[in-house]
Structures are given as structure tokens and as C-alpha cells.
Amino acid sequence: FRFFRWVWRVTYLTTFGVLGFTAYSIWEARNPADQLEVDQSKKTLVILGTGWGSVSLLKNLDTENYNVIVISPRNYFLFTPLLPSCTTGTIEHRSIMEPIRNILRHKKRAVRFYEAEATKIDYEKKIIYAKDDSDVKGDTMETEVPFDMLVVGVGAENATFGIPGVREHACFLKEVGDAQKIRKQIMDCVETATFKDQSQDEIKRLLHMVVVGGGPTGVEFAGELQDFFQEDLLKWVPQIKDDFHVTLVEALPNVLPMFSKQLIDYTESSFKEEHIEIRTKTMVKNVTDKFIEAEISKPDGTKAIEKIPYGLLVWATGNALRPVVKDLMSQISAQKNARRGLEVNEYLVVNGTENIWAVGDCAVANYAPTAQVAAQEGAFLARLFNTMAKTDAIETEMRELSAKQSSAKAEERTAILNEITERQKQLRRVKQIGPFQYSHQGSLAYIGAEKAVADVSWFSGNIASGGTMTYLFWKSAYLSMCFSTRNRVLVAFDWLKAKFFGRDVSRE
Ligand code: FAD
Ligand code: NAI
């Protein structure tokens, strides 16, 4: 009996603790404290982008020490790992967006934000050229922002490898708008396929959902789409039962190349069970409005071109450089051999520069272009900048003390000397910031049918697992990683909503 009373007390206290913490987080998020005003006498630190790298930097940066300016065409942070779930309405897109204004309003010293695209970085003149590309424009649409220090965190754009027709006909999956477009197009294909007198061939084409790229983006989207079909579309539009079909096309011999062999096999067999077709060794070479042309490698080593009709085409073949990054690289001679992005040193300083740092997908630091890497790089830069500010402050104090010492009376000199020694010790401690070291926590991907795969680092080893338990782990990991309590609550509600009421099949 005592034992049960004890368990009851622990449960009771934990529940109250969690509720109390959640309530406090919500209150704190809604009631930010007063901020210090912008101080233009401080060094101007310009941060480009509001993605994983830049926001992680902002979150950890002590803005009191700098005159911080953020420039990005997106006035929110996007939790990309759950973006594939927005394409089918499992999660509503606003649940994974966090307004940058909320983030900045919680900083100690005010930070200026300009919703604009950086069109050019003039390295020599230390100026950013920015352009307002939004729908509503004022008299001023273009401006120049000078900087002392610059962090480039603009991410990457979708790779198309110059394949004709991709930009015109395919959907991408990188931004909120992309997910909304896919969601709309899935339902458009379904409704058009069920239009009166549609021919059988056309029905088959319209209901053929083709995903190009067997990396995690393509795999997760294919899994989500098949879930949508099995759990909702089949119920409300049963006549598409035999014709709705998801195909994943990959140029390499297998999907998910970054996962272990065991998990690749698991994903492939799970897709087979779910009736998602995987076409490996199939490289898309051309895209038209109704079919793709792919080069297939046959088992005997010969190659053939095949036409694959589609209703929806989602293109997920990885990253390419943004023009603003390419242009910056062309201005710096040390970057002339760089191909995949801005090459940086172990302190994330862009090689060939002294006052420009790069984080995330636009930087080449020998790590995969993932959110995990970008977030750790951003947090590292915040530590580095906080340290640099402290160092500057101590050095200024030391200079002042030295000046005071030369004009001080003999009896005061010893005290001043002691203070200088103390500052020197402080400076040594502060300066002890090592180079950036990435700590890989593992890779996770949802593969549909309430299954996920995980390659998780565990002490010095690695654990590979796949299945429903891994799916629960995936859910709890991503829920805990959401940016704010608000995001966490909204995502949890969206999951419950989809479970109880199903996904919405109306076309917006
Ligand atoms: P981003 O997060 O892409 O942010 C770039 C920012 O720069 C944006 O705010 C953009 O608006 C802004 N910008 C663009 N151009 C300009 C310009 N000219 N001037 C100023 N600002 C500009 N990684 C994982 O580790 N785990 C996952 O589960 C995972 N899932 C993913 C799912 C999807 C669908 C996608 C697309 C990616 C996923 N990733 C995942 C990869 C991860 O999202 C990226 O590696 C990460 O976003 C990179 O962060 P970043 O800060 O470099 O760029
Ligand atoms: P990716 O680069 O990981 O995969 C792209 C795939 O497309 C490659 O396997 C490539 O062989 C294939 N491909 C390229 N051209 C092709 C063609 N013409 N025809 C057929 N196939 C072609 O790209 P993805 O999935 O967009 O991911 C980008 C980055 O984001 C990666 O670093 C990835 O790790 C990360 N990410 C991580 C996720 C996770 O951890 N769950 C989820 C999504 C992305």
C-alpha cells in the first residue's frame, strides 16, 4: 500500500511539475521583458537567414554586445524535419513555424530584422545589398546594409542538375509553400482522375505519384503519401483503390545511402509491403508535363530509356548553391576551388576572409548538410561571439588600467598591478574556446505505416533500429526538438486530430 502511495505521489508531483513548467513557458513566451535599445556604437553583426544555423546562433547569442541585424526573406523559423507531414495535412504548416519576431523580442538587446533577400555581399566594401521580394512593396525596395561581422546562413536551393523541365513541372519540398502546393496537387489529381468520362490511361497517369530522389526527403514524403492514401483517401474516394500508386525513383542502387545496410534493407522491404514501388538505378534525364524520361540500368549492364507517366512529380535530389553564395565565392581567391559551398576553417570562418563566418547548408565543413550540423554550428558561433565580446571588454579594461598605472602614486600601483594580473588570468580562461567539433547524435527518418528507421550514436557505438518502437522514438524526439512550447502543443494536437478525425481531403 505504501508503495502505491509513493508511486501516486511521484506521478502527481511529476504531472504538476510538467504542467507548471508548460504554463510558465507559455506565460514567458507571451510576456517578454523590456529590451535594451539598439546600440549602434557596438560592432554591427549581420546575420543572413532565419533557418537552423542562424536561429541557433540567435538563440544563444548575447545580443547586448553587438548591434545585430538579421536579413531573411522568411520572417519565421521552419522546423524542416516535420515538413513532409505537412504535404498530406498530418501536421498543419503553421504548427512548425516560429515567428522570428517572437524569437528576437526575447533577446536582451533589441535586434533589427529586415524581411528581404540578400542579393549581393560585397566583401571588399563590407556591404550587403538587400531587396524586398515580398508582395507588398513600399517606396524603398532595395537597400544597403554595412557590416563589421557577417554570418552567412542562407541554406541551399534545390538541385536540378540542369535537367530540362524540372523547374517547370516538378514540385520541390523545401519550404512551406512547396508543401502547400503538393497538398493541393495531390487532391487536384484525385478529383481530376474521378472526373466524368476520364479514360483509364489518364486515370492511371493522374494517380501515379512519382518521387525522384531516394534520400531521406524522398523516402519520408513517399511514406507520408502512402499513409494518406491508406488511411484517408481510400475511405473517402474508394474508386481510386486500384489506380493510386506511389513510385520512388533513385539513380543509385539503393535508397537512404547515409543509413546502415540493415536499415536500407528494412526500408526497402517495408515499402514493398506498403505497395510503394522503388525503382533504383533509374536516373531521370528529362521531364515533360505528363511524363519523365529516365535512363534505367538493366541487370545485364545495358541501359535503356523509359517514359514514366505521372500526375504528381516531387523532386527531392538534394542541394545546390544559392546565387548569392556563388557570387561571394567568386570574390574570394581562396574559394576558387570550392564547389559545394563556402569553405570554412575549424572556427567556421570563411577561408580567405577575417570577418565572415558561414553555417549550415551553404558552408562546407566536411559534414552532411543537416539540421543537426547547422544547429550545432550556430550554437558554436554564439559561444565564439560571446567570448570575443568578453575578450574585447577585458582588453579595454586592461588598457585603461595600464594607463592609470603609469600616472598612479607608488602605493596605488601594486593594487592596479594585481588587478591587471587578475584580468590577464580572466582573459586566458575566456580565450580557451576550442575549434568547432560536431557531435553526431544519429539519423532518423519516418518511412510510413507508423514505422521509422534510426541510426543512433550510443557512447562510442551505434544502434540501428527500425519499426513501430522507433516510430514512437522518432515522434518523441521531434516533438521535444520543436522550437517552442507553442510548436510542441500544436504538433501534438495535429497528430491527435489526424488520428481521431482523419486528414482533410478538401482542396484549398
Ligand atoms: P535553412 O534552414 O534552409 O535556412 C536558410 C535561411 O536562409 C532561410 O531562412 C531562408 O529564407 C534564408 N535565405 C535564403 N536565401 C537568402 C538570401 N539570399 N538572403 C538572406 N536569407 C536567405 N535535417 C536533419 O538533420 N534532420 C531531419 O529530419 C531533416 N529533415 C528535413 C526534411 C526536409 C523536407 C528538408 C528539406 C530538409 C531536412 N533536413 C533535415 C535538412 C535541414 O533542414 C537542413 O540541413 C537545414 O535546414 C540547414 O539549415 P540552414 O540554416 O543552413 O538553412
Ligand atoms: P539527398 O542528397 O540526401 O538525396 C538525393 C538523392 O537523389 C540521391 O540519392 C541521388 O542519388 C538522387 N538523385 C539525384 N539525381 C537524380 C536523378 N536525376 N534521378 C534519380 N535520382 C537522382 O537529398 P535530400 O533527401 O533532399 O536531403 C538533403 C539533405 O537533407 C541531406 O543531407 C539529408 O541528410 C538531409 N535530410 C535529412 C533528413 C533526416 O535526417 N530525416 C530528412 C530530409 C533531409
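Residue numbering note: each chain is counted from 1, following its sequence as written. All chains are assigned letters beginning with A, and all ligands numbers beginning with 1, in the order in which they are written. The predicted origin of the model limits local features to residues at a pLDDT of at least 70 and limits the giving and counting of side-chain atom pairs to 80 or more, whereas totals for whole chains, interfaces and linings rest on all residues. Heavy atoms throughout the structure, all of them, feed into the side-chain values; hydrogens and water do not.

**Structural notes on the site of ligand 1**
Whether a residue is near a molecule or strand depends on its heavy atoms: it is near if one of them lies within 4 Å of it. Residues in contact with ligand 1 amount to 30 residues; listed here are only the nearest, G53, T80, A118, D361 and Y478. R74 is positioned with one of its side-chain polar atoms (N or O) 3.5 Å from an oxygen atom of ligand 1. Polar contacts, as used here, are pairs of N or O atoms within 3.5 Å; protein pairs need one atom able to donate a hydrogen and one able to accept it. Residues neighboring in sequence count only if both atoms are side-chain atoms. At a separation of 2.9 Å, a nitrogen atom of ligand 1 approaches a polar backbone atom of A118. Working definition: helices are DSSP H or I runs of at least four residues, strands are E runs of at least two. Numbering for both runs from the N terminus. Mapped onto the shell around ligand 1, the elements with two or more residues apiece are α2 (52–60), β2 (67–72), β6 (117–122) and α11 (371–407). With three residues, α11 is the single largest residue contributor to the shell around ligand 1. Only Asp, Glu, Lys and Arg are considered charged in this grouping, and only Ala, Val, Leu, Ile, Met, Phe, Trp, Tyr, Cys and Pro are considered nonpolar; every other residue, Gly among them, is considered polar. Its residues assigned to classes, the shell around ligand 1 comprises 13 nonpolar, 12 polar and five charged. Just so you know, the domain bounds were taken from an automatic or database domain assignment. Composition of the shell around ligand 1 by domain shows at least three residues from each of domain 2 (32–156 + 321–389) and domain 3 (166–319 + 439–501).

**Observations regarding the pairing of strand β16 (residues 303–309)**
The pairing criterion for strands is at least two bridges between them, as found by DSSP. The pairing of strand β15 (residues 291–297) with β16 spans seven bridges and is classified as antiparallel. Paired with A294 across the bridge in β16 is E306. In this structure, the hairpin formed by β15 and β16 is closed by a connection of five residues, where G301 is found at a positive phi of approximately 95 degrees.

**Focus: the site of ligand 2**
Near ligand 2, the surroundings consist of 23 residues, among which T217, E250, A251, V284 and L444 are the closest. At 2.6 Å from a nitrogen atom of ligand 2 is found a main-chain nitrogen or oxygen belonging to L444. Computed on the free molecule, ligand 2 has an accessible area of 840 Å², of which 78% lies beneath the protein chains in the complex. Going through the elements one at a time, α8 (216–236) and β14 (282–287) are the ones with two or more residues in the shell around ligand 2. Considered class by class, the residues forming the shell around ligand 2 number 13 nonpolar, eight polar and two charged. To measure how exposed things are, a 1.4 Å probe is used in the Shrake-Rupley method; for residues, cover is taken only from the protein chains shown.

**Some remarks on the packing of aromatic side chains**
Aromatic contacts are taken between Phe, Tyr and Trp rings whose centres are within 6.5 Å, Trp giving its six-membered ring; a plane angle under 30 degrees counts as stacked, one over 60 as edge-to-face, and the others as tilted. One pass over the full model with this rule turns up 21 aromatic pairs. With a centroid separation of 6.2 Å and an interplanar angle of 45 degrees, the aromatic rings of Y347 and F380 are classed as tilted. You can see Y347 sitting in the loop between β19 (342–343) and β20 (356–358) and its partner F380 sitting in helix α11, a full 33 residues away along the chain. Working definition: with a 1.4 Å probe on protein chains only, accessible area under 20% of the residue-type maximum means buried, over 50% means exposed, and in between means partly exposed. Taking the relative accessible area as the measure of exposure, F380 reaches 1% and is therefore buried. The structure contains a cluster of three or more aromatic residues connected by ring pairs, namely W52, F77, F79, Y446, Y471, W474, Y478, F483 and W495. Cation placement over rings: the criterion is NZ of Lys or CZ of Arg within 6 Å of the ring centroid and within 35° of the ring normal. The aromatic ring of F483 is capped on one face by K59, whose charged end is 5.1 Å from the ring centroid. Positioned above the aromatic ring of W495 is the side chain of K475, whose terminal nitrogen or guanidinium carbon lies 4.6 Å from the ring centre.

**Some words on helix α9 (residues 261–273)**
Its 13 residues place the ends of α9 18 Å apart at the C-alpha level, agreeing with the 18 Å of an ideal helix rising 1.5 Å per residue. Residues of α9 that are buried: L263, I264, T267, S270 and F271. The buried residues of α9 occupy an angular sector of 130 degrees when the element is viewed end-on, so they sit on one face. Facing away from the buried surface of α9 by more than 90 degrees, the exposed residues are K261, Q262, K272 and E273. Expected helix span is computed as 1.5 Å times (number of residues minus one). Note that the arc is defined by the directions from the helix axis to the C-beta atoms.

**Notes on the packing of helix α13 (residues 468–481) against helix α14 (residues 485–501)**
For helices, the fitted line uses only the C-alpha atoms of the stretch in contact; every axis is such a line through C-alpha atoms, and the angle between N-to-C directions lies from 0 to 180 degrees. Here α13 crosses α14 at 150 degrees, and the two axes come no closer than 8 Å. When the axes of α13 and α14 are compared, the crossing they make is right-handed. Contacts between α13 and α14 involve W474, K475, L479 and S480 from the first element and R488, V491, A492 and W495 from the second. Classifying every residue of the contact of α13 with α14 gives five nonpolar, one polar and two charged. Working rule for handedness: look at the near helix, and if it is turned counterclockwise from the far one by less than a right angle, call the crossing left-handed; if clockwise, right-handed. Note on contacts: a residue pair is in contact if any heavy atoms of the two residues lie within 4.5 Å.

**Focus on the nonpolar core**
Here the nonpolar core consists of buried residues drawn from Ala, Val, Leu, Ile, Met, Phe, Trp, Tyr and Cys, with membership extended through side-chain atoms lying within 4.5 Å. Judged by nonpolar contacts, the single largest core of 124 residues is most densely connected at L82, I128, V152, L233, L381 and F385. With nine residues, the single largest contributor to this core is α11. In this structure, this core is formed jointly by two domains, domain 2 (32–156 + 321–389) and domain 3 (166–319 + 439–501), each of which donates at least three residues. Aside from chain neighbours lying at most four places away, what touches L381 is L57, V151, Y347, L348, W357 and V359.

**A word on the pattern of salt bridges**
In what follows, salt bridge is the name for a side-chain nitrogen of Lys or Arg lying within 4 Å of a carboxyl oxygen of Asp or Glu. Under the criterion given, the structure shown has 22 salt bridges. The partner of E92 in a salt bridge is R183, and the shortest N-O contact between them spans 3.2 Å. One end of the pair, E92, is in the loop between α3 (83–86) and β4 (97–99); the other, R183, is in helix α6 (residues 176–193), and 91 residues separate them in sequence. According to the relative accessible area criterion, E92 is partly exposed, its value standing at 25%. The salt bridge involving E273 is made with K451; its shortest N-O contact spans 3.5 Å. Placement of E273 in helix α9 and of K451 in strand β23 (residues 451–458) is noted, with a sequence separation of 178 residues between them. Look at the salt bridges and you will find they share partners, linking E92, R183, D494 and K497 into a network.

On their own, these measurements won't tell you what the molecule is for.
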